[in-house]
Amino acid sequence: MIAKDFNYYSPDTVADAIALLAEFGGDAKLLAGGHSLLPMMKMRFAEPVNLIDINGLNEIKGIDIDEENIIIGAMTPENDILRDDRLETACPLLFEATKLIADPQVRNRGTIGGDIAHGDPANDQPSIMLALDATLEITGVEGPRLVAAADFFLGTYTTAIQPNELLTRIIIPRAHGSKGWGFQKLKRKTGDYATAASAVTMRMVDGKCDQVRIALTNLGPKSFRPVKAEWILEGHPPTDDRIEAAVQLAMAETDPAADQRGNEEYKTAMAGEMLRRALQQAMN
Ligand code: FAD
């Protein structure tokens with residue numbers, strides 16, 4: 001199908017984009033890489049009257065790394081993450097997991113901000129952000145505000161971003177660079193979304209698990225942390241029994257939708273297996 005007619009705008013600054021959002025109220029959509037939005041417009045699931053192309057917002061493109069944080073502009077293409085050698089050591093979870101997102105063509109235009117802002121439980125960056133305790137900078141007419149990833153994902157295609165705001169930056173604490181990490185994603189073929197995926201970060205302190213973060217992709221209406229699974233590991237040695245108990249608790253928190261990738265039972269089982277493997281990876 002062909003998208004419904006829309007008015008097209010291409011501001012050069014964040015301030016101009018926000019002014020347009022304020023002018024149009026809820027009757028506008030932001031266009032980043034377009035890999036999620038344009039198919040929805042062609043299928044007429046999204047019919048924005050006004051389309052605001054934010055590809056000209058150079059001020060929110062690029063990656064800065066300081067002593068404390070990695071700060072990534074929302075309009076940074078996924079492939080730019082992979083081109084930045086610093087991230088291989090500063091944030092190996094982000095670097096390695098991004099390689100498994102879609103394919104090189106999609107990553108070339110698809111942005112990290114679009115991946116997060118879309119609020120699609122099948123997207124991988126939301127889980128990565130949850131496991132990394134990222135903070136998301138959202139900007140509106142009142143200026144920027146900061147929202148923890150844990151409070152950002154509200155439901156399917158629903159996030160903490162209000163209609164007159166945009167996601168401007170992603171802030172990842174550098175402390176995660178020294179944590180153990182794991183990312184395991186089951187997909188049917190290269191370029192596919194996850195059937196099930198799990199991101200993990202943790203430290204081993206005196207043989208005990210510390211600061212455990214677990215996040216799951218495509219296993220419920222939104223990306224989420226199965227916190228009971230984190231709690232049962234926290235402060236304890238990772239014995240086989242305890243890992244298995246964590247896996248079972250995480251599986252109990254999943255609520256996957258059946259689709260061409262499998263039924264609920266299969267996806268729940270795969271959630272457990274991805275988590276088992278991600279935990280082992282994070283401990284090594
Ligand atoms: P767009 O499609 O332009 O926008 C998506 C939504 O986010 C729109 O509603 C838009 O208004 C909003 N938005 C975008 N930027 C902002 C912003 N800065 N502030 C506020 N709102 C904003 N993703 C994965 O994570 N894992 C995968 O395995 C995967 N596989 C894919 C396979 C294929 C074949 C395709 C086509 C896509 C796949 N994707 C996957 C999705 C891909 O990563 C998209 O690029 C991403 O979901 C959206 O990013 P985008 O820049 O294209 O955003």
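Basis of the calculations
- Residues numbered from 1 in each chain as written.
- Predicted model: local features only at pLDDT ≥ 70, side-chain atom pairs only at ≥ 80, totals over all residues.
- Heavy atoms only, no water.
- pLDDT = per-residue confidence, 0-100.
- Domains from an automatic or database assignment.
- Contact = heavy atoms within 4.5 Å.
- Buried area = accessible area lost by both parts, 1.4 Å probe.
- Salt bridge = Lys/Arg side-chain N within 4 Å of Asp/Glu carboxyl O.
- Polar contact = N/O pair within 3.5 Å; in protein donor to acceptor, adjacent residues only side chain to side chain.
- Helix = DSSP H or I, 4+ residues; strand = E, 2+ residues; numbered from the N terminus.
- Pairing = 2+ DSSP bridges.
- Axes fitted to C-alpha atoms, helices over the stretch in contact; angles between N-to-C directions.
- UniProt positions renumbered as here; feature names shortened; annotations may be inferred.
- Buried < 20%, exposed > 50% of the residue type's maximum accessible area, 1.4 Å probe, protein only.
- Arc of directions from axis to C-beta.

### Overview of the confidence of the model for the protein chain
And step 1. Summarising the model, the protein chain shows a mean pLDDT of 96, and 100% of its residues fall at 70 or more.
And step 2. Interface predicted TM-score (ipTM) for the complex: 0.99; the corresponding pTM is 0.97.

### A look at the domain arrangement of the protein chain
And step 1. Domain annotation of the protein chain identifies domain 1 (7-53), domain 2 (63-173) and domain 3 (179-283).
And step 2. Here the C-alpha centroids of domain 2 and domain 3 sit 20 Å apart.
And step 3. The interface of domain 2 with domain 3 comprises 24 residues on the first partner and 24 residues on the second.
And step 4. Summing both sides of the interface, domain 2 and domain 3 together bury roughly 1900 Å²; the carbon and sulfur share of this comes to 59%.
And step 5. In this assembly, domain 2 and domain 3 are joined by 2 salt bridges.
And step 6. Between Asp133 and Arg213 there is a salt bridge, and its shortest N-O distance comes to 2.9 Å.
And step 7. For the pair domain 2 and domain 3, the number of links is 11 residue pairs in polar contact (both at pLDDT 80 or more).
And step 8. Elements supplying a minimum of two residues to the side of domain 2 that touches domain 3: helix H5 (92-98), helix H8 (125-131) and strand E8 (153-155).
And step 9. Ranked by the residues each element gives to the side of domain 2 that touches domain 3, the list is headed by H8, at 5 residues.

### Describing the sheet that holds strand E10 (residues 166-173)
And step 1. The strand order E4-E5-E10-E6-E7 describes an open sheet built from 5 strands, whose pairing is antiparallel. Only two strands of the sheet have a single partner each, and these edge strands are strand E4 (63-65) and strand E7 (143-148). On average, each strand axis in the sheet is inclined to that of its neighbour by 20°, with strand direction left out of account.
And step 2. As defined by bridge partners, strand E5 (residues 69-73) adjoins E10 across 5 bridges and the pair is classed as antiparallel. Looking at the pairing, Gly73 lines up with Arg169 of E10.
And step 3. Set on the sheet, helix H1 (residues 14-24) makes contact with strand E6 (135-140) and E10; between it and E10 the angle comes to about 130°.

### A look at the UniProt feature "domain: FAD-binding PCMH-type" (unreviewed entry) in the protein chain
And step 1. Feature annotation in UniProt assigns "domain: FAD-binding PCMH-type" (unreviewed entry) to the following positions: residues 1-177.
And step 2. Counting secondary structure, residues 1-177 comes out at 33% helix and 25% strand; the distance between its end C-alpha atoms is 45 Å.

### Topic: the side chain of Asn123
And step 1. For Asn123, the position within the fold is in the loop between helix H7 (112-117) and H8.
And step 2. On the accessibility criterion, Asn123 (6% relative accessible area) is buried.
And step 3. Among the polar contacts made by the side chain of Asn123, one reaches the main-chain carbonyl oxygen of Asp115 at a distance of 3.1 Å.
And step 4. In this structure, Asn123 is in contact with Asp115, His118, Tyr193, Thr217 and Ser223, ignoring residues within four places of it in sequence.

### Regarding H1
And step 1. Every buried residue of H1 is listed here: Val14, Ala17, Ile18, Leu20, Leu21 and Phe24. Buried residues of H1 fall within an arc of 160° about the axis and therefore sit on the same side. In H1, the exposed positions that point more than 90 degrees away from the buried face belong to Ala15 and Glu23.
And step 2. Residue Gly25 follows H1 closely and has a positive phi angle near 60°.

### Thoughts on the sheet that holds strand E3 (residues 50-53)
And step 1. Reading across from one edge, E1-E3-E2 is the order of the 3 strands in this open sheet, with parallel pairing throughout. Single-partner strands in this sheet number two, and they are strand E1 (7-9) and strand E2 (28-31). Across the sheet, the mean angle from the axis of one strand to that of its neighbour is 25°, orientation sign disregarded.
And step 2. For E2 and E3, the ladder comprises 4 bridges, and the chain directions are parallel. Across the sheet, residue Leu30 finds its bridge partner in E3, namely Ile52.
And step 3. H1 contacts E1, E2 and E3 of the sheet and is inclined by roughly 170° relative to E3.

### Observations concerning the pairing of E6
Successive side chains on a regular strand alternate, one facing one side of the sheet and the next facing the other.
And step 1. Here E6 lies mainly inside the structure; 5 of its 6 residues are buried.
And step 2. Here E6 pairs with E7 via 6 bridges, running antiparallel. Within E7, the position partnered with Glu137 by the bridge is Leu146.
And step 3. Joining the antiparallel neighbours E6 and E7 is a turn of 2 residues.

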